[in-house]
Each structure stands twice: as structure tokens, then as C-alpha cells.
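Residues per chain, in single letters:
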Amino acid sequence: MTKIKNTIPLKEYIGKLKGNGRFVIPDYQRGYIWGQYNHNHFSQDGLDSVSFLVNSILKGFETKRDVFLQGITVHTVPSTNDIVLVDGQQRTTFFYLLLKYLGYEGYISIKYDIREESNIFLKQLDIKSCTFNEDDLFQDIFFFKKTINTFKTLLDDKKEEHKDILDYILEHVKFLFIEIPAEKAKIIFSMMNGNKAIMLQEELIKSELLRCSSINTEYIKEAENLAIRSRLAHEWDKWLYWWNNEAVKFYFKRNEQLGWLLPLIEDTEDVSFEHFKNQCLKSGNVQEAKNIFKKIRLLQKSIEDAYSNPVTYNLMGAILCIRNKSERFVFLKWYFKLVRDLNHDQALDELYRYFNWAFINLTHKEIIEYNKEKYNEKRMFFLDALNKDDLYKSEYETGARWLLRCNILEDCSQNNHLGRKFDFSIWEERSLEHIYPKSKVGHINNNTPLDYDDNPLSAEDQQNITLWREEIVYHKGLPDEVYATEHSIGNLVLLYKNDNSKFNAADFEQKKSLYFTIKSDSGFRSRHLLHTVSVFANSSWEGKDIAKHKKQEIEHFLNEYPEL
């Protein structure tokens, strides 16, 4: 009967060699090829198998975390104490070479039945004198040497830590140890051939959940268990497929296998198999595992619903954009708890409030605690920044953030306020564009004509000036007059930076023409920005329009952000 035990560390695996026992690589195995770049396995990192695993080990060593590998499957030969490797020979050979490189003094032996020359090489291996040679005749020896050469490249500068790294590897590299009958070895090998080396934390969690969800009892037989496992595995794979969509990964700012799903279930951003077992599968029984599957299923449904609804998509996406990495997780945890505990309208109202408060730079803690004092304080800071006539120079990000908000809310109001989805790629490619070209604006200081950047203007340069800053004024009616500059919020719109460069120093009519000329091959992406579109819909754009627009933006802010 097949024997499976829980994960064991490398030290325990090596300790299974009794007497003169050896790890035997049987002749039906393929030769050692680690060190060869494999597009299917590690292409996402651009690394070969050896480099990938060494880097994983070093990362685990630095963070004091376990590294989990795929299970190793063996059968034993009682007469010789040999352990025959059915699956796991590449990993075992890798660690044999790595332990030798790190100076391991314990007993470990490999018998390489695939090729005698390779077997002799491993027996007589001298790490110090081993040199990599591109012309080695035997594939195995070529890759043995290439692996050792990679160790030297990645680990030679850490010689003082070699003993600590060795101790870490022996205790913290872990995998399932599976023992099978000898007569089944070749069949199982053919089924397992091609397994990858590293098991991700998410894969370990899936495996354990499926195991716990279908443990045989006298009431539940194997056929029924197979059906349960198949259904749950299919469901898990659907979630995996959803989270691996590039648009979803970009939106949620998360590249891990299941995105934010498991972190929200585990209540930690750093997914861990051991933590999951301790927090979510304490008993490891069928009912507990099925309850966890149900909890994951309901959360995934809530996430997909929020992503599918244009309004929640826009509000949530904006928060994920402007929040730093450390606050995205706590925001999502807070929001999806609201979705679970409140009705739809209440949760949406709170999401709107979070959206508004986040834009004026309140922290997550200040928002969820409804800190009115901090709200009023940061409201004034934001208003002062928005009011500045040199906003383009001194408060660029404030201007960009306000205009992003305006464009997002325009999308939320579409389709009778059912909304349309906003394209958040703008935030990573954002640029503020002067509506009236700044290069054509001048001003006077101490009787000296200056350009938009306060540089003196020559008589020739003055010929290119079509608007003087002193003319940027809106007469609402005496004594109320509003003054602004070309650098104020009244003369700025949000664009993609590549579109900004297309405008250059074009005047308003030329920019307007470009904005509304529909050409499928123009590459002009900013047309989806509805707040920006509304500005270019004006019939003209002179000094009074800039000052009036600034006044409107400030009034808009005061309406949206009343003092509490």
C-alpha cells in the first residue's frame, strides 16, 4: 500500500538512508538536466531550474520561511537499504550536489544507474577541483558541472554564511515523502514524469483542502470521494483561471496564483501553507474543509460581483490605484467584510465615503474610525493645494489626483448612473496638460516680461506670447473677480503622457481638433477621459475661461467635501 506522511524536512529525508543505503536513480529515469532553461517551468522568472531553486532557498533563508517542494516518491529495497527514486531524482541530485558544495559532513550517497560514467563522477566528486566545460561528452556530467558552477556564481560571495545556509536547508526545505510498492514504480513514474520542482503555497493549500474534504469513512466510499475531489478541484481551477486573467491582475495589483483570495481568507497578506493549516484547518476534518471551501466560494463570488459592477469597479479600482501596497490588503479586508455584514446600499455608501476620504490622503485607520478632525484637517490641506496658482509646479500630484477623481466619477454617472468601467491604465501613465499652451503665456514682474517659467523674454520671444497672465481673470461682477494663472487647476486636464507629447505647443483649437478627430490608428488614448473631454468641448479658451474654470473646480471641491 502507498504510504504518505506529512511534509518532512530534507534532514529527515537524508536520514532515511540506513547502513550503506543509497539513493538510487533507476535506469528508466531520464538523465539529470537541471541547469537547462525550461520555458514551461520557470520562464516567468527567466531562470533555469537550478538558479530558480537557489534563489527560492536564499529568499526563504532571509525571511526564515520554509521552502516546499513537490513530493518525492520512492520504493525501498530492504535487502540493501537502498531508496529507489520514482519521482524526485532531479531534486535529490540537486541537493546531493548542493550539500557537497556547502560542506555537508553527514552520510549521503547516490547510485546513478542511468550511466556508469556519471555514477563514477558522483562517487569521486571533488567540488573544489570541479570545473565547468562546455565540451563534456555526457549530458549528465555537463549538467552536474553546470549546477556546481551556478552554486559558485550565486553562493561564493556568501561563504561566511555557508554553514547557516546548510543548517537552514536541512531543516526548512520540505516536501511530501511518498513510499510505494516496487511493482508499481514504473507505472507511477510514467504518470508523474514532468512534475515541476517548486510547489507554491497555494498548491499545497489546495492539495490539503482536497485531501481533507474527501477522507474515506464507512459512509463515504472512494467513488464518492473522487466525485467530491473532482468537483472541488474544478471549482478551485475556475478561481485560478479568473485571477490569472491579465486584466484582473493589473486591476488588483496582485500577481500571485489566486490574487487576494487566500490572503483575505487567511487574514494575512503573506500566504503560508503552515499558517493556513493552523488558522483554517485546525482539525483537518471533512466538515471543516468543506466549510472553508464554502467560505472561499462566497468571498470569490463577492469579489467577482464587485469587479463586474461598473460603479464598485471604479470606486474600488481608484482606491487600489492611489493606495500604497501596504494599505490595499487592509482596505479589501475591510470592504468585503462590509459586503458580508451590510446590505448592498449601506456597503456602497461606505465605499463612496472611503473613496472620497482616500483621495484627500486620509489613512485607512483614519477612514474606518471616521476621524472627523483628520478629515477637516486634510480637507483644508487639499483645498489649499488645489487653490495654488502654481499647482502645476508645486502640487502636481494633488492636481493629478483631483482630475483622476473627476474623470472616474464621470464614468460612474454614465448609463443612468449604472456606470461604465474606467480604464485605470491612465494612472501609471498620467500627465497634466496645459489647456492653453504655457509656452504662449507671459507675465510681467518689475516691468520685466517673463515666460511661464519666469525666464526673461526677448523682444522676439514676446511676439509669440498670445496671453498675458495679468489677463487671466474672471469678472463675475464687481467686486468679485477671480484671478488665476496658466499653471492653476483652471488650465489643466489629465491626459496619457504620450498624448500630452502629441499636443506640444498647439493652441486650443488645434488641440480640440486632435481630441475630437476619430482615427482608429491615431493612438490617441485619452478620449475615454470624460472630464477632460468636457473641457475641450468649450467653444473657446481664453484668460477668462481659465479663471472661471478654476473657480468651478474649487466650488466643485467644496460641494463634494463639506466641512464636518
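Because the structure is a prediction, the values reported are computed rather than measured. (Residues numbered from 1 in each chain as written. Predicted model: local features only at pLDDT ≥ 70, side-chain atom pairs only at ≥ 80, totals over all residues. Heavy atoms only, no water.)

Draft legend 1. Just the side chain of R323, in detail. By the secondary structure assignment, R323 is in the loop between α15 (310-322) and α16 (325-341). Looking at R323, the relative accessible area reads 7%, which means it is buried. Within the structure, the side chain of R323 is placed 3.2 Å from the side chain of E327, a separation counted as a polar contact. Within the structure, the side chain of R323 is placed 2.6 Å from the backbone oxygen of L362, a separation counted as a polar contact. Residues within four places of R323 in sequence aside, it is in contact with R328, Y354, A358, L362, T363, H364 and I367. (Helix = DSSP H or I, 4+ residues; strand = E, 2+ residues; numbered from the N terminus. Buried < 20%, exposed > 50% of the residue type's maximum accessible area, 1.4 Å probe, protein only. Polar contact = N/O pair within 3.5 Å; in protein donor to acceptor, adjacent residues only side chain to side chain. Contact = heavy atoms within 4.5 Å.)

Draft legend 2. Seen up close, the sheet that holds strand β9 (residues 441-445). Ordered in space as β10-β9-β11, the three strands form an open sheet in which the pairing is mixed. Looking along the sheet, the strands with just one partner apiece sit at the ends: β10 (448-451) and β11 (467-468). By the bridge criterion, four bridges tie β9 to β10 in an arrangement that is antiparallel. Bridge assignment links G442 to a residue of β10, and that residue is D451. (Pairing = 2+ DSSP bridges.)

Draft legend 3. Looking closely at the packing of aromatic side chains. Overall, the coordinates contain 41 aromatic pairs when judged by the stated rule. On the numbers, 4.9 Å between centres and 40° between planes, the contact of W334 with Y354 is tilted. With W334 in helix α16 and Y354 in helix α17 (residues 344-359), the pair connects residues that are 20 residues apart, well separated along the chain. A residue is classified by how much of its surface remains accessible, and W334, at 15% relative accessible area, is buried. In this structure an aromatic cluster arises from ring pairing among W242, W243, Y251, F252, Y307, Y313, F422 and F424. For K253, the ring lying beneath its charged end belongs to F250, and the centroid distance is 4.5 Å. (Phe/Tyr/Trp six-rings, centres within 6.5 Å; stacked < 30°, edge-to-face > 60°. Lys NZ or Arg CZ within 6 Å of the ring centre and 35° of its normal.)

Draft legend 4. Just the pattern of salt bridges, in detail. Under the counting rule described, the total for this entry stands at 30 salt bridges. One salt bridge in this structure joins D113 and K111, with 2.5 Å as the shortest N-O distance. The partly exposed category is assigned to D113, whose relative accessible area is 33%. Overall, K111 belongs to the partly exposed group, its relative accessible area being 25%. (Salt bridge = Lys/Arg side-chain N within 4 Å of Asp/Glu carboxyl O.)

Draft legend 5. Quick look at a negative patch on the surface. A cluster of acidic residues, E62, D156, D157, E160, E161 and D164, forms a negative patch on the protein surface. Positionally, D164 belongs in helix α7 (residues 162-172). On the basis of relative accessible area, D164 is assigned to the partly exposed category, the value being 45%. (Patch = residues over 30% accessible without salt bridge, like charges linked within 9 Å, V, L, I, M, F, W, Y side chains within 5 Å. Areas by Shrake-Rupley, 256 points an atom, 1.4 Å probe, with all protein chains shown as cover. Lys, Arg positive; Asp, Glu negative; His and termini not counted. Charge placed at Lys NZ, Arg CZ, Asp CG, Glu CD.)

Draft legend 6. Quick peek at the environment of I408. Along the chain, I408 falls in helix α21 (residues 396-412). For the pair I408 and D423, spaced 15 residues apart in sequence, the C-alpha to C-alpha distance is 8.9 Å. In contact with I408, not counting residues within four places along its chain, are N314, A318, F355, F359, F422 and F424.

Draft legend 7. Molecular detail of helix α13 (residues 273-280). Residues of α13 that are buried: F273, F276, K277 and C280. Projected down its long axis, α13 shows its buried positions confined to an angular sector of 105°, all on one face. The inward-facing, buried residues of α13 abut β3 (67-68), α9 (201-213), α12 (261-266) and α14 (286-308). Here α13 starts with a cap whose side-chain oxygen sits 3.1 Å from the backbone nitrogen of H275, and that cap is S272. (Arc of directions from axis to C-beta.)

Draft legend 8. Quick look at the packing of α14 against α15. Their axes nearest at 5 Å, the elements α14 and α15 cross at an angle of 95°. The orientation of α14 with respect to α15, classified from their angle, is roughly perpendicular. Each of D305, A306, Y307 and S308 in α14 lies in contact with α15, whose residues at this interface are P310, T312, Y313 and M316. Of the residues that constitute the contact of α14 with α15, the class distribution is five nonpolar, two polar and one charged. (Axes fitted to C-alpha atoms, helices over the stretch in contact; angles between N-to-C directions. Parallel < 35°, antiparallel > 145°, perpendicular 65-115°, else oblique. Nonpolar A, V, L, I, M, F, W, Y, C, P; charged D, E, K, R; others polar.)

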